[in-house]
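Here are the chains, one letter per residue:
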Amino acid sequence: MFMQPVAVVYFSQTGVTANAATEIQRVLGGPLVELHRQPAYPENYSELVQIADKERAAHLLPTLMPLTTTLSDVTTIFLGFPTWWSQPPLIINQFFATTDLRGKTIVPFTTSVSSLIDESMGTLRSLAKKAGATLTPGLTANSREDTQNFIRQYQ
Ligand SMILES: Cc1cc2nc3c(=O)[nH]c(=O)nc-3n(C[C@H](O)[C@H](O)[C@H](O)COP(=O)(O)O)c2cc1C
């Protein structure tokens, strides 16, 4: 069951997930909170891939810049990220590890070239369980139509 108040929290490297997050927030309201890596990933694609791949191989959680909005009053968090190698980027693991999410409901969404949210659900389930949060089925937000249909149930 959907419980207000809601927040939309997302990481986006090249703006695609940011667009989906903005679309969701526009409909559902609540704060829109961007996750930032410290330092930011390089904009150059091959440098980004190199760094992200190193993190992935060593399971290194990048530093997350402190959030500018408190999530303590929020009960439902839409959590968005680009799929990287069929998984959430490790900054998402870091978000789970460093944020008090006990009792909250997490609604995950991803953007990708073709990967579905299903590929990330196993990881998300174990992160949510460890954090004491409830994970709902998620959304592959690669089309506006799919996104709008999915969030209709939350309006
Ligand atoms: C390091 C890296 C790994 C990626 N791995 C996948 C993948 O496994 N499957 C896929 O469909 N797209 C993959 N992509 C493409 C991104 O998921 C896609 O471009 C996404 O929409 C970017 O979102 P953003 O603009 O919010 O960063 C990858 C992109 C990068 C940079």
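Everything here concerns the structure above.
Keep in mind it's a predicted model, so treat the numbers as computed, not measured.

Caption draft 1: Local environment of the overall build of the protein chain. For the protein chain, the count of helices and strands is five helices and six strands. Tracing the protein chain from N to C terminus, the helices and strands come up as β-α-β-α-β-α-β-α-β-β-α. Scaling as 2.2 N^0.38, a compact globule of 155 residues should have a C-alpha radius of gyration of about 15 Å, and the protein chain matches this with 14 Å. With respect to the principal axes defined by its C-alpha atoms, the protein chain has extents near 40 × 30 × 30 Å.

Caption draft 2: Quick peek at helix H1 (residues 16-28). Taking 1.5 Å as the rise per residue, H1 with 13 residues should run 18 Å; its terminal C-alpha atoms sit 19 Å apart, in good agreement. Buried residues of H1: Thr17, Ala18, Ala20, Ala21, Glu23, Ile24 and Leu28, and no others. Residues of H1 that are buried sit in contact with strand S1 (6-10), strand S2 (32-34), strand S3 (76-82), strand S4 (105-111), strand S6 (139-140) and helix H5 (144-152). Residue Gly29 follows H1 closely and has a positive phi angle near 80°.

Caption draft 3: Summary view of the side chain of Thr99. Looking at the secondary structure, you find Thr99 in the loop between helix H3 (90-98) and S4. When its relative accessible area of 16% is taken as the criterion, Thr99 is described as buried. Engagement of the side chain of Thr99 in a polar contact is seen with the backbone oxygen of Phe95, the distance being 2.7 Å.

Caption draft 4: View of the packing of H1 against H5. Look at H1 against H5: their axes get within 11 Å of each other, and the N-to-C directions meet at 35°. The crossing of H1 and H5 is right-handed. Contact residues: Glu23, Ile24, Arg26, Val27 and Leu28 in H1; Arg144, Thr147, Gln148 and Ile151 in H5. Looking at the contact of H1 with H5 residue by residue, the classes come out as four nonpolar, two polar and three charged.

Calculation criteria
Residues numbered from 1 in each chain as written. Predicted model: local features only at pLDDT ≥ 70, side-chain atom pairs only at ≥ 80, totals over all residues. Heavy atoms only, no water. Helix = DSSP H or I, 4+ residues; strand = E, 2+ residues; numbered from the N terminus. Rg over C-alpha atoms; globule rule 2.2 N^0.38 Å. Expected span 1.5 Å × (residues − 1). Buried < 20%, exposed > 50% of the residue type's maximum accessible area, 1.4 Å probe, protein only. Contact = heavy atoms within 4.5 Å. Polar contact = N/O pair within 3.5 Å; in protein donor to acceptor, adjacent residues only side chain to side chain. Axes fitted to C-alpha atoms, helices over the stretch in contact; angles between N-to-C directions. Left-handed = near helix turned anticlockwise from the far one by under 90°. Nonpolar A, V, L, I, M, F, W, Y, C, P; charged D, E, K, R; others polar.

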